[in-house]
Amino acid sequence: MTESTIDYEALIEKLHGDGPIVATEPPLRGAAAADAGHELMLAEYGSEEAINRAIRAGRPRVGDAKGGPLTHRQRTDPGC
C-alpha cells in the first residue's frame, strides 16, 4: 500500500468512531489465511526476494557477528 491510496481520515473515523467495528467478510483460517497473508506481502513488497530480504533484516542470526553474540553474563558475589 502506498500513501496515495490510503484514506487516513476514513481509517481514523472507522477505528475511532462511535460505532463498533464490523467485519466485512468472515475471518480466514488455516491455508486460506496463509494464502491471503502471502498475497498481502507480495502486494506490499513486490516479489518473493524482497519479502525474504525484509524478513532476514528483521531476524538476526543467533551469534551473528554483526548483531553481536547473544550471551548473558552475571556477576557473582560470594558474600550473598
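K.L.:
How should I be thinking about the overall build of the protein in this particular structure?
P.N.:
On a plain count of helices and strands, the protein comes out with 3 helices and 0 strands. Element order for the protein, N to C, with α for helix and β for strand: α-α-α. Expressed as a percentage of its 80 residues, the buried residues of the protein come to 4%.

K.L.:
Where do I start with the packing of helix α2 (residues 30-45) against helix α3 (residues 48-58) in this structure?
P.N.:
The geometry of a pair of packed helices is captured by two quantities: the angle between their axes and the separation between those axes. Across the interface, α2 lies against α3 with an axial gap of 8 Å and an inter-helix angle of 95 degrees. In terms of their interaxial angle, α2 and α3 are classed as roughly perpendicular. Of the residues in α3, those touching α2 at H38, M41, L42 and Y45 are E48, A50, I51 and A54. Its residues assigned to classes, the contact of α2 with α3 shows 6 nonpolar, 1 polar and 1 charged.

K.L.:
Which parts of the structure should I look at to understand α2?
P.N.:
Along an α-helix, residues three or four apart share an orientation, since each turn contains 3.6 residues. Its 16 residues place the ends of α2 23 Å apart at the C-alpha level, agreeing with the 22 Å of an ideal helix rising 1.5 Å per residue. Among the residues trailing α2, G46 stands out with phi positive, at a value near 95 degrees.

K.L.:
What is the right way to look at a nonpolar patch on the surface in this model?
P.N.:
A contiguous nonpolar patch, built from Y8, L11, I12, L15 and I21 and spanning about 480 Å² of accessible area, is present on the exposed surface. Here I12 is to be found in helix α1 (residues 8-16). Residue I12 is classed as partly exposed on the basis of its relative accessible area, which comes to 44%.

K.L.:
Can you walk me through the confidence of the model for the protein in this structure?
P.N.:
Caution applies to low-pLDDT regions: their predicted coordinates should not be interpreted in detail. The predicted model of the protein has a mean per-residue pLDDT of 79, with 69% of residues at 70 or higher. The secondary structure element of the protein with the lowest average pLDDT is α1, at 83, and the one with the highest is α2, at 95.

K.L.:
Can you walk me through the environment of M41 in this structure?
P.N.:
Relative to the elements of secondary structure, M41 occurs in helix α2. Judged by relative accessible area, M41 falls into the partly exposed class, the value being 31%. Taking the C-alpha atoms as reference points, M41 and I51, 10 residues apart in sequence, are found 6.9 Å from one another.

Cut-offs applied
- Residues numbered from 1 in each chain as written.
- Predicted model: local features only at pLDDT ≥ 70, side-chain atom pairs only at ≥ 80, totals over all residues.
- Heavy atoms only, no water.
- Helix = DSSP H or I, 4+ residues; strand = E, 2+ residues; numbered from the N terminus.
- Buried < 20%, exposed > 50% of the residue type's maximum accessible area, 1.4 Å probe, protein only.
- Axes fitted to C-alpha atoms, helices over the stretch in contact; angles between N-to-C directions.
- Parallel < 35°, antiparallel > 145°, perpendicular 65-115°, else oblique.
- Contact = heavy atoms within 4.5 Å.
- Nonpolar A, V, L, I, M, F, W, Y, C, P; charged D, E, K, R; others polar.
- Expected span 1.5 Å × (residues − 1).
- Patch = residues over 30% accessible without salt bridge, like charges linked within 9 Å, V, L, I, M, F, W, Y side chains within 5 Å.
- Areas by Shrake-Rupley, 256 points an atom, 1.4 Å probe, with all protein chains shown as cover.
- Salt bridge = Lys/Arg side-chain N within 4 Å of Asp/Glu carboxyl O.
- pLDDT = per-residue confidence, 0-100.

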